[in-house]
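Coordinate analysis (summary)
Here's the letter readout for the chains.
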Amino acid sequence: MTMQPLLVVILAAGKGTRMKSAMPKVLHPLAGRSLLGHAIALSKDAGATRLAVVVGPDMAQVETEARRHAPDASIVVQHQQLGTANAVLAAREVIASHSGDVCVLFADTPLLTAGTVHHLRQSLGQASGVAVLGFHAADPTGYGRLLIDGAGSLLAIREDRDASAAERKVTLCNSGVVAFRTPKLVSILERIGNANAKQEYYLTDAIEIAREQGLPVAASTCTEDEVLGINSRDQLAVAEAIWQRRARLKVMRDGATLIAPETVWLSYDTVIGRDVVIEPNVIIGPGVVIEDDVTIKANCHLQGIDRKVSTGVRVRKGAEIGPFARLRPGADIGVEAHIGNFVEIKNATLEQGAKASHLAYIGDAHVGADANIGAGTITCNYDGFSKGHTEIGAGAFIGSNTALVAPVAVGSGAYVGAGSVVSGRDVEAGALSVVRGERRDIPGWVAKSRAAMVKRSAEKK
Ligand code: UD1
Ligand code: CA
């Protein structure tokens, strides 16, 4: 079947007051990406050729987030939240200029999959019409109900507040996702009134109007999980748990071992290769790539991108991380490199075979192949005003408890003696640099000093 061009209209105008947040609901993150970001990604996966995002007034942040994910989207403002049909009408001009299917999605339904949207459009058949995505709710309270007649035709959708006692017993509910294939969409929306319990313009009333106009109306269904709508933080946590379960399964099916999958947290864009082993309690933020044969031992935090550093984290083939390691934005861990316990890496590249096995901070640095960073090494990269770079050459050996005061370079193959504070001049390749107070050993000092103290204290009595 050849598919029509697809316009997706994402409704994101609600404030989401039940989130009790200064941030609009659709900007709250799930698996490291905003709810709106998920809705936009889904629209693209579902084959949207055009996208319209309906935002509320004074929602500049929502608009920015929409543009970040979809620079070509039409952003339209719904000035007053008068209901879902009114929200779709905010995109009236985009809809009127589009010929093909129009699919309406809510921005607060992040678990929906492209396959389900595809299936919904297929239920439209070859002809024009309207198709609604329904699901069987364990507890239908609050949802609109799909009213089906004896012959299985969808007659109407009744909102919970407007439903009779008998209608409330129906468990087949409206997900909110609707597909339209009709040039009459704008006129149908314009005919929707607000004579209902909430005095809102309900998109769901489009079903009855479409039927009156002789358009075929269909319903397809999906699982309740997929259309979980997020209105509160507890629902956000439920959605996160479902999302994580799906993502862990995928990673394992693609050839990674998760010893305790339920303790590993992934992000929407996590890339994990084959024969990777991830031990318990590992958190992976957005922008992380883990190549084949890597082992991430227990209790590591791989942060990925943040606002300042957009290069993410890469762990290359065969590297070993942890236990208890922290990889911050811009950490690039080379092939077969080792990062051990209580080591933090930020904005630094470690080349093949480099090692920092215990207790170190490596930030704004480049570490050459096979260099060895001793326990307690710190790159002092910040002087309170600006950041400085540290260069550590290939095969260099940095003794324990060394402070490298950036900007500074240690040449390839050079040694730095334990306990050194290296600042100012660079260390030449192949040289030994030791920066310490001179050692003094005074034989017999303890006994002499004790005797003197005993004598003084006797004289005082
Ligand atoms: C809606 C459906 C209901 C369905 C349920 C599924 C209607 C009338 N009801 O109810 O049948 O079972 O979703 O979760 O469609 N929005 C706007 N502008 C508005 C109003 C809403 O943009 O003026 C957006 C909201 O931000 C939200 C979505 O539309 O993303 C749904 O609105 P909401 O008020 O949450 O509808 P429900 O009462 O949950
Ligand atoms: Ca809702």
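Data block above holds the structure.
All values derive from a computational prediction rather than experimental measurement.

1. A closer look at unusual backbone geometry
The peptide bond linking Gly322 to Pro323 adopts the cis configuration, its omega dihedral lying at 0 degrees. Summarising the element assignment, Pro323 is placed in the loop between β21 (320-321) and β22 (326-327). In this model, Ala406 is joined to Pro407 through a cis peptide bond whose omega is 0 degrees. Mapped onto the elements of the fold, Pro407 is located in the loop between β30 (403-405) and β31 (408-410). Even without being a glycine, Asn347 presents a positive backbone phi close to 45 degrees. Among the structural elements, Asn347 can be located in strand β24 (residues 338-350).

2. Thoughts on the site of ligand 1
Taken together, 19 residues surround ligand 1, and among them Gly14, Gln78, Thr84, Glu159 and Asn174 come closest. Leu11 places a main-chain nitrogen or oxygen 3.4 Å from an oxygen atom of ligand 1. The contact in question runs from an oxygen atom of ligand 1 to an N or O atom on the side chain of Glu159, over 2.6 Å. Notes on ligand 1: free accessible area 760 Å², of which the protein chains cover 87%. Breaking the shell around ligand 1 down by element, the ones donating at least two residues are α3 (84-89) and β10 (172-181). Taken together, the residues that form the shell around ligand 1 break down as seven nonpolar, nine polar and three charged.

3. Concerning the packing of aromatic side chains
Tallying each qualifying case throughout the model produces three aromatic pairs. Judged by centre distance (5.3 Å) and plane angle (15 degrees), the rings of Phe324 and Phe342 are stacked. Of this pair, Phe324 sits in the loop between β21 and β22 while Phe342 sits in strand β24, and the two are 18 residues apart along the sequence. On the basis of an interplanar angle of 15 degrees and a centroid distance of 4.9 Å, the ring pair of Phe397 and Tyr415 is categorised as stacked. In this pair, Phe397 sits in strand β29 (residues 397-398) while Tyr415 sits in strand β32 (residues 415-416), placing the two residues 18 residues apart along the sequence. Relative accessible area serves as the criterion here: at 34%, Phe397 is assigned to the partly exposed category. Assessed through its relative accessible area of 44%, Tyr415 is described here as partly exposed. Sitting above the plane of the Trp265 ring, Arg248 keeps its charged end 4.8 Å from the centroid. Residue placement shows Lys387 over the ring face of Tyr382; its charged tip is 5.2 Å from the ring centre.

The rules we used
- Residues numbered from 1 in each chain as written.
- Chains lettered and ligands numbered in written order.
- Predicted model: local features only at pLDDT ≥ 70, side-chain atom pairs only at ≥ 80, totals over all residues.
- Heavy atoms only, no water.
- Helix = DSSP H or I, 4+ residues; strand = E, 2+ residues; numbered from the N terminus.
- Near = heavy atom within 4 Å.
- Polar contact = N/O pair within 3.5 Å; in protein donor to acceptor, adjacent residues only side chain to side chain.
- Areas by Shrake-Rupley, 256 points an atom, 1.4 Å probe, with all protein chains shown as cover.
- Nonpolar A, V, L, I, M, F, W, Y, C, P; charged D, E, K, R; others polar.
- Phe/Tyr/Trp six-rings, centres within 6.5 Å; stacked < 30°, edge-to-face > 60°.
- Buried < 20%, exposed > 50% of the residue type's maximum accessible area, 1.4 Å probe, protein only.
- Lys NZ or Arg CZ within 6 Å of the ring centre and 35° of its normal.

Note that every value here comes from positions in space, so none of it alone points to a role or purpose.
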